[in-house]
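Structure at a glance
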2 protein chains.
Amino acid sequence: MSEFLIARREYKPRGPATLMDLYGSGVSEVAGVESLELRIADLFPKTAHQGLLRVEVGGTNDLAKADPLRVGAVFSGGQAPGGHNVVGGLFEGIRKLHPDSTLTGFTGGPSGILKNQSLPVTQELMDGYRNTGGFDLFGTGRTKLESKEDFATCARIFDHHDLDAFVVIGGDDSNTNAAFLAEYLLEHGSKTRIVGVPKTIDSDLRGPFTETSFGFDTAVRVYAELIANIAKDALSGRKYYHFIRLMGRSASHITLEAAMQTRPNVALISEEMARDGKTMRGIVDLLAKVVVERAAAGKNYGVVLVPEGLIEFIPEMSSLIADLNEIIAAHKDYIESLRGFTAQIEYLAGRLPRESAATLAGLPIDIQRQLIMDRDPHGNVALSRIETEKLLLELLSSQLGELKSEGHYHGKFSFQTHFLGYEGRCAAPTNFDANYAWSLGLTAAALASSGHTGYLAAVHGLTLPPDQWQAWGVPLVSMLTMERRKGQDKAVIRKTLVDLAGPAFRWFAESRDAWSIGDDYRFAGPIQYFGPAGLVDRIPVSLTVQ
Amino acid sequence: MSEFLIARREYKPRGPATLMDLYGSGVSEVAGVESLELRIADLFPKTAHQGLLRVEVGGTNDLAKADPLRVGAVFSGGQAPGGHNVVGGLFEGIRKLHPDSTLTGFTGGPSGILKNQSLPVTQELMDGYRNTGGFDLFGTGRTKLESKEDFATCARIFDHHDLDAFVVIGGDDSNTNAAFLAEYLLEHGSKTRIVGVPKTIDSDLRGPFTETSFGFDTAVRVYAELIANIAKDALSGRKYYHFIRLMGRSASHITLEAAMQTRPNVALISEEMARDGKTMRGIVDLLAKVVVERAAAGKNYGVVLVPEGLIEFIPEMSSLIADLNEIIAAHKDYIESLRGFTAQIEYLAGRLPRESAATLAGLPIDIQRQLIMDRDPHGNVALSRIETEKLLLELLSSQLGELKSEGHYHGKFSFQTHFLGYEGRCAAPTNFDANYAWSLGLTAAALASSGHTGYLAAVHGLTLPPDQWQAWGVPLVSMLTMERRKGQDKAVIRKTLVDLAGPAFRWFAESRDAWSIGDDYRFAGPIQYFGPAGLVDRIPVSLTVQ
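In this text the structure is predicted, and so the values were computed from the model without any measurement.

Rules of the game
Residues numbered from 1 in each chain as written. Chains lettered and ligands numbered in written order. Predicted model: local features only at pLDDT ≥ 70, side-chain atom pairs only at ≥ 80, totals over all residues. Heavy atoms only, no water. Helix = DSSP H or I, 4+ residues; strand = E, 2+ residues; numbered from the N terminus. Buried < 20%, exposed > 50% of the residue type's maximum accessible area, 1.4 Å probe, protein only. Contact = heavy atoms within 4.5 Å. Areas by Shrake-Rupley, 256 points an atom, 1.4 Å probe, with all protein chains shown as cover. Pairing = 2+ DSSP bridges. Axes fitted to C-alpha atoms, helices over the stretch in contact; angles between N-to-C directions. Least-squares fit on C-alpha atoms with pLDDT ≥ 70 in both. Domains from an automatic or database assignment. Buried area = accessible area lost by both parts, 1.4 Å probe. Salt bridge = Lys/Arg side-chain N within 4 Å of Asp/Glu carboxyl O. Nonpolar A, V, L, I, M, F, W, Y, C, P; charged D, E, K, R; others polar. Polar contact = N/O pair within 3.5 Å; in protein donor to acceptor, adjacent residues only side chain to side chain. Parallel < 35°, antiparallel > 145°, perpendicular 65-115°, else oblique. Left-handed = near helix turned anticlockwise from the far one by under 90°. Patch = residues over 30% accessible without salt bridge, like charges linked within 9 Å, V, L, I, M, F, W, Y side chains within 5 Å. Lys, Arg positive; Asp, Glu negative; His and termini not counted. Charge placed at Lys NZ, Arg CZ, Asp CG, Glu CD. Right-handed = clockwise from strand over helix to strand, strands pointing away.

1. Side note on the overall build of chain A
A count of helical and extended segments in chain A gives 23 helices and 16 strands. Projected onto its principal axes, the C-alpha coordinates of chain A cover approximately 80 × 60 × 45 Å. Relative to its full complement of 546 residues, chain A shows a buried share of 62%. Here the analysis covers contacts within chain A between residues at least 6 apart in sequence; of these, 78% occur between residues at least 24 apart. Within the structure as shown, chain A displays about 19,900 Å² of accessible surface, and the carbon and sulfur contribution to it stands at 50%.

What follows is the structure, encoded as C-alpha cells:
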C-alpha cells in the first residue's frame with residue numbers, strides 16, 4: 001500500500017452532529033407530500049403519499065434499535081469518487097445503532113443481485129477502503145433492473161439474505177428504478193426498504209435537497225488540475241490551441257465548474273447553445289471569432305473546453321442521431337451483415353431524411369465513421385465515442401482558411417486535442433466528497449433503520465461547514481416526472497441541466513469575455529489532501545457563487 | 001492568484017550547503033580532460049581540453065567578485081516543471097555573489113536572442129514564479145541556433161547586452177549547440193561564457209554526473225496519478241482495457257518510471273522491443289498473450305502503457321518512416337500539390353521499396369493518414385501525432401478475433417485509449433524538482449562566475465538528502481559523440497536510452513510477470529506539496545533501486 005493511501009486512511013470524515021451520533025437521533029416527517037402528477041401518483045399507490053423526512057437529534061422516530069439491522073448495498077453505473085465512503089458511513093451508521101448489524105455488498109453492479117453474488121463488509125475490509133477512490137470494493141455495472149421479473153428476483157434474493165433495507169448508490173436511472181422497486185417490494189409484502197444515494201460525477205441529479213451528487217467535486221478538481229497544466233503549456237509555448245473535451249453526458253455542469261476554476265478562453269455550455277438554437281456552423285463562428293481576435297493580439301494559442309454531451313444539443317446533429325438510431329433499430333441485422341464502413345454508410349445515407357443526409361455528408365469522414373461504426377450495447381450511436389472536439393476543429397480549420405483567404409485572419413492555427421474522463425472518475429475523494437459521501441452513508445443508515453422506503457438520502461447546506469449540514473430523506477416519487485422516451489411516456493427522474501438563469505452560469509457569463517482575449521488561466525494545482533484548511537477543505541465554486 | 005500558488009510560493013528550495021552559500025565557495029578543476037574522439041577534439045580547439053569542475057566550499061577559484069555579473073538566460077525546447085526554479089536559483093546565486101548582478105531573459109526561446117527580445121529579471125518578478133510550472137516567465141521555442149550566422153548574431157547580441165555569461169536551459173540538441181556556441185564565442189574573442197542546464201521531461205540527457213534531468217520527476221508523477229486513477233477505473237468497472245500512450249520521444253524512461261510507480265499489466269519498453277527485434281506482429285502477440293491469460297482468469301480489463309517513441313524502434317515501421325521521409329524530401333512540392341489523402345498515398349506507395357509498401361498497406365487507414373498527412377515543421381512524418389496505441393489496438397483486436405474463432409480465446413475485448421503528455425509537462429514542480437532545478441540554477445551561477453565556458457551544470461547524488469548533493473561542471477564536449485544524422489556525421493549529445501542491464505529495468509523485468517495477471521496497481525495519489533515528508537519529499541523510483 002502506498003504512503004499516500006496509508007496517510008489518507010487516517011482522515012476522519014466529518015458531517016453533521018446528528019449523523020455523527022445516530023443513536024441519539026431520530027427521523028421525523030417534516031412536510032406533507034408534494035402534489036404529484038396524477039399519472040405518477042397512479043403508478044405508486046403504496047409510496048406516493050410519503051412526506052419529506054428529516055434526520056435530527058431527538059426526532060420523533062428514535063433510531064436506536066433493539067435488534068441488529070441487516071442491510072444490502074450496490075453500486076450502480078459509472079464510478080464516482082466517494083463511493084467507498086458512502087459504504088463506510090452506512091456501515092458505521094448501522095453498527096452504531098446496533099453493534100451486530102450487518103452489511104452485504106452485491107458485486108459487479110445490479111446484475112450481482114440477480115446472480116446473488118455478494119460479499120459481507122467487515123470493519124477490517126472497510127478500513128482498507130475508507131477515503132479511497134473507485135468502486136472496486138464491490139465493483140459496478142450498468143445492468144438496469146426495471147422489469148417485474150427483475151423486481152421479483154430482487155425480492156427473492158433480499159428475502160434470502162433477510163435484508164431489512166437495501167441501498168442503491170446510483171444516478172438518475174438507478175434511482176428511478178429504485179422508486180419502482182420500493183413500490184414493488186411494499187406491494188408484495190417484502191420487508192426490505194429501499195434507500196437511494198445520489199451518485200454521478202455529472203452532477204445532473206439535483207433537487208431542492210441535493211445541491212450536487214458526490215464525486216462531482218473530485219472529478220472536476222482533477223480535470224481542473226490538468227486543464228490548468230495544459231493552459232500553462234499553451235501560455236509557455238504560445239503555439240497551440242488545446243481543445244479539451246470533458247466527460248459528462250447531457251448536462252454541462254462539469255464544463256461549467258471546470259471553467260469557473262480554470263478560466264479558459266472558451267467554454268461551450270450545451271444548454272446555452274441549445275437555448276440560442278446554435279447550429280454547428282454557429283458554434284464554429286463563435287470559435288472563429290475568438291481565434292481571429294486573439295491572433296490580432298499576437299496570440300495564436302488558447303484553451304477551449306467542450307462538454308461531451310454538446311452534440312446532442314445541436315439541432316441538426318441531434319436529428320441526425322435520432323434518424324440514424326431509428327434506421328439502425330429497424331434494420332439492425334441487415335446493417336450488421338454489411339461488411340465495412342462504405343457499404344453501411346451508403347445504405348444508411350440512402351434511407352435518411354434529406355436534411356439529415358446532408359448533415360451526414362457535411363461531416364468529416366472520421367466523424368461519419370464514429371457515428372456509423374461505434375455502437376453502444378443497445379445498438380445506438382455511441383455518443384461518448386464521438387470526438388466532438390475534432391469535429392469542431394476540422395470545421396474551424398476550414399473556416400479559418402476561408403477567413404485567411406479573404407484577408408480577415410492573419411494568424412497560425414495549430415492544435416492539440418484532449419479527452420478528460422476516466423482520468424478523474426476514480427480519484428481519491430477530496431475532503432468535501434469524503435465528508436459528503438460519508439454523511440450520505442450515515443443518512444442512508446438512518447433512513448434504513450427508520451422503517452421508511454423509497455427515499456433518497458440527501459445532505460443539504462453544503463456551503464456550510466460539515467457539522468452544520470442537514471440530513472434529509474426525500475421521497476423518490478417526488479422527484480419523478482413524465483418524459484417521452486423511445487416513443488413512450490415514462491416516469492423518470494429528469495436530468496438536471498445547467499440553469500442558465502442561475503448564479504453559477506451568470507457569474508461565468510459575466511466573466512468570460514475577459515477570459516477570451518486575456519490569459520486569465522487560473523492554476524489551482526492538484527487536489528491537496530494534507531496541509532492548510534484553505535487548500536484541503538474547498539467546495540465546488542459553482543455552489544458558492546450567489 | 002490561487003490559494004495553491006500563494007501557499008506554494010512559501011516553499012524554500014533546498015540544496016547543497018556549498019550552493020546555499022556561494023559567496024564562500026569556489027570552483028575547482030578536479031579531473032583532467034577525458035580522452036575525446038579525435039574528430040570531436042578537432043572541432044573544439046579552444047574548449048576540448050577542459051576538465052571536470054566541482055563547486056565546493058573553499059574551492060580554488062573563489063567565486064566572490066568585486067564586480068557585478070551580467071548574465072543572460074533562455075529556455076530552449078519543450079517545457080519541463082522546474083524551469084522557473086532554475087532561473088530563480090541562477091538569479092539568487094549571481095545576486096549573492098554581487099548584489100548588483102543582473103539577469104536578462106530572452107523571450108520565446110532561442111529565436112528571442114536573434115530578435116533581441118528580452119526582459120530583465122527582478123526580485124519581484126521572480127517571487128511570482130518561484131516553484132511554479134511552465135516556462136511562461138520567458139516563453140520558449142524550438143528554433144535551433146547552429147549555423148555560424150546564428151552564432152555571430154548571438155555574439156553581437158551578447159556583446160550588446162555586455163553579458164559575462166549566458167545560460168541555456170535545454171535538452172540534448174540545445175546543449176550540443178551550446179558546446180559549439182561556447183567554442184565560437186571563445187574563438188571570436190567574446191567574453192560571454194556558456195553554461196548549459198539539463199532539461200527534459202524525457203530524462204534522456206544523462207551522464208555520469210546527471211542522473212536525470214529536471215522536470216522528469218514531476219511529469220511522471222502526474223502521469224502516474226492519472227494511470228492509477230484509470231487503473232482503479234478498470235478494476236471497478238472490469239470491462240475496459242486502457243491503452244495509455246505516454247509522452248517521451250525515443251527513450252522509454254517515462255514509461256519505465258511510470259510503470260514502476262503504478263504497476264500496470266503491460267508496459268512496453270521500446271529499447272527492449274528493439275533489442276529483441278520485435279516486429280509489430282511480435283508486439284501484438286505479446287499483448288494478445290496477456291489478454292488471453294487474463295480472460296481465462298475472468299479478467300476482461302487491464303492497463304497497458306505505450307511509450308510515444310515505440311514506433312521508431314520497430315524495424316519495419318522505422319524503415320517505412322525513413323523511406324517516406326526520403327520520398328517526401330525529394331518530391332515535397334509535387335506531393336503537396338496533390339490534393340487529398342488518396343492522391344498522396346497512391347503517389348507515395350508507388351515509390352516505396354516493396355517491403356515498406358507492404359508495411360504501409362497493412363496499416364489501418366487512420367494510421368496511414370497520420371503517416372502521410374501529418375508533417376512536422378521540417379516536412380517529416382510527425383511521429384508524435386501517430387496514435388501508436390490505436391495502431392496496436394486495431395491489430396490486437398483482429399488477432400483476438402482470430403484466436404476466438406480458433407477457440408483459443410473466450411473473453412470480451414473493449415478498450416479506451418489515452419495520451420498523456422501536455423497534461424503533465426507544466427505541472428508545478430515537486431519538491432524534488434523544485435530543489436533540483438534551484439540547485440542547478442545556483443550551480444549555473446557558480447560556473448557563470450568562475451570564468452569557465454562550455455560546461456553543463458550538474459548536481460549529483462540525488463538519492464541523498466538535498467544538503468548532501470554535489471555540484472559539478474561537466475565539459476559539454478566530453479558528452480559529445482559522432483552520430484550519423486541525415487546522411488552526415490555530426491558531433492551530438494547522444495540521447496540516453498533505457499539501460500536494459502541497469503537496476504531499474506531489471507527490477508521492472510523481475511516484477512512484471514506478477515503484474516500482468518494480478519491486479520497489483522499501485523495508487524500513489526496526486527503530487528502532494530504539503531504534508532508528511534514521506535509524501536512530499538519523494539524521488540523517482542528508478543533512481544533508487546539498486
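2. Points about the sheet that holds strand β7 (residues 165–170) of chain B
All names here are of chain B. Across the sheet, which stays open at both edges, the 10 strands sit in the order β3-β1-β2-β14-β13-β8-β7-β4-β5-β6 with mixed pairing between neighbours. Across the chains shown, the open sheet's two edge strands, defined by having one partner strand only, are β3 (61–62) and β6 (118–120). Here strand β8 (residues 193–198) runs beside strand β13 (residues 455–460); their pairing, made up of 2 bridges, is parallel. Counterpart to V195 in the pairing with β13 is Y455. Contacting β7, β8 and β13, helix α8 (residues 172–187) crosses the sheet at an angle of about 170° to β8. Against the sheet, helix α20 (residues 431–450) touches β1 (25–31), β2 (52–57), β3, β4 (70–75), β7, β8, β13 and β14 (470–475), its axis set at about 135° to β13.

3. As for the sheet that holds strand β11 (residues 302–307) of chain A
Residue and element names in this part refer to chain A. The sheet built from 4 strands is open, its strands ordered β10-β11-β9-β12 with parallel pairing. The sheet is open, and its two borders are formed by β10 (266–267) and β12 (415–420), each paired with just one other strand. In the sheet, β10 pairs with β11 via 2 bridges, with the strands oriented parallel. Note on β11: the bridge partner recorded for A267 is L305. Along the sheet, helix α9 (residues 216–237) contacts β9 (241–246), β11 and β12; its crossing angle with β9, the most-contacted strand, is approximately 170°. Against the sheet, helix α12 (residues 280–296) engages β9, β10 and β11, with an angle of about 150° to β9.

4. What about the relation of the copies chain B and chain A?
Two copies of the chain are present, and they differ by a rotation about an axis and a shift along that axis. Superposition record for chain B on chain A: RMSD 0.0 Å, screw rotation 180°, translation along axis 0.0 Å. The symmetry that links the two subunits is that of a two-fold axis. Both copies contact each other with a shared surface, as 100% of the interface residues of chain B are interface residues in chain A too.

5. What about the domain arrangement of chain A?
All names here are of chain A. Here chain A is partitioned into domain 1 (14–215 + 430–478) and domain 2 (241–413 + 501–522). Computed from C-alpha atoms alone, the centre-to-centre distance between domain 1 and domain 2 is 37 Å. Taken together, the contacts link 5 residues of domain 1 with 6 residues of domain 2. Here domain 1 and domain 2 share an interface that buries about 440 Å² over both sides, 61% of which is from carbon and sulfur atoms. Summed over the shared surface of domain 1 and domain 2, the result is 0 salt bridges. Each residue belonging to the side of domain 1 that touches domain 2 can be placed in one class, and the counts come to 1 nonpolar, 1 polar and 3 charged.

6. Examining the interface of chain B and chain A
On the chain A side, the residues contacting the 58 residues of chain B number 59 residues. Overall, the association of chain B and chain A removes approximately 4,500 Å² of surface from exposure, summing both partners, and the carbon and sulfur fraction of that is 53%. Our count for the chain B to chain A interface comes out at 8 salt bridges. When the shortest N-O distance is used, the salt bridge between E3 of chain B and R522 of chain A registers 3.3 Å. Inspection of the chain B/chain A interface yields 30 residue pairs in polar contact (both at pLDDT 80 or more). Where the side of chain B that touches chain A is concerned, the elements lending two or more residues are α1 (3–9), α9 (216–237), α17 (365–373), β12 (415–420), α19 (422–425) and α22 (533–536) of chain B. Take the side of chain B that touches chain A: its biggest share by element is 10 residues, from α9 of chain B. In the side of chain B that touches chain A, the residues fall into 25 nonpolar, 18 polar and 15 charged.

7. Looking at the packing of α9 of chain A against helix α10 (residues 253–262) of chain A
All names here are of chain A. At a minimum axis separation of 9 Å, α9 and α10 run at an interaxial angle of 50°. Considering their axes alone, α9 and α10 lie oblique with respect to each other. Handedness of the α9/α10 crossing: right-handed. Touching F216, V220, R221, Y223, A224, I227 and A228 of α9 are H253, I254, E257, A258, Q261 and T262, all from α10. In terms of residue class, the contact of α9 with α10 is built from 8 nonpolar, 3 polar and 2 charged.

8. Section: a positive patch on the surface
Taken together, the side chains of R142 of chain A together with K239, K404 and K412 of chain B define a basic patch exposed on the protein surface. In this structure R142 of chain A comes out as exposed when scored by relative accessible area, which is 51%.

9. Observations concerning the environment of F530 of chain B
By the element assignment, F530 of chain B lies in the loop between α21 (503–517) and α22. With a relative accessible area of 14%, F530 of chain B lands in the buried category. Sequence separation between F530 of chain B and R8 of chain B is 522 residues; the distance between their C-alpha atoms is 8.5 Å. Excluding residues within four positions of it along the chain, F530 of chain B makes contact with Q528, F530, G531, P532 and L535 of chain A together with F4, A7, R8 and V536 of chain B.

10. Let's talk about unusual backbone geometry
In this model, R238 of chain A sits at a positive phi of 50°, which is unusual for a non-glycine residue. Position of R238 of chain A among the secondary structure elements: in the loop between α9 and β9. Within the chain, S203 of chain B stands out as a residue other than glycine whose phi angle is a positive 60°. Tracing the chain through its elements places S203 of chain B in the loop between β8 and α9.

11. Topic: the packing of α12 of chain A against helix α21 (residues 503–517) of chain A
Residues and elements named next belong to chain A. Interaxial distance between α12 and α21 falls to 9 Å at its minimum, and their mutual angle equals 50°. Taken together, α12 and α21 sit at an angle that is classed as oblique. On the side of α12, the interface is formed by V290, E293 and R294, while α21 contributes W515, S516 and I517. Here the residues of the contact of α12 with α21 sort into 3 nonpolar, 1 polar and 2 charged.

12. Quick word on the pairing of β8 of chain B
Across the 6 residues that make up β8 of chain B, a large majority, 6, are buried. What joins β7 of chain B to β8 of chain B is α8 of chain B, and the crossover it makes is right-handed.

13. A word on the pattern of salt bridges
All names here are of chain A. Taken as a whole and judged by the stated rule, the model has 54 salt bridges over all chains. Put simply, D172 and K495 hold a salt bridge, and the shortest N to O gap is 3.0 Å. Residue D172 is found in helix α8 (residues 172–187), and its partner K495 is found in the loop between β16 (488–493) and α21; the two are separated by 323 residues along the sequence. Three or more residues joined by partner-sharing salt bridges are found here, namely E37, R39, R484 and D489.

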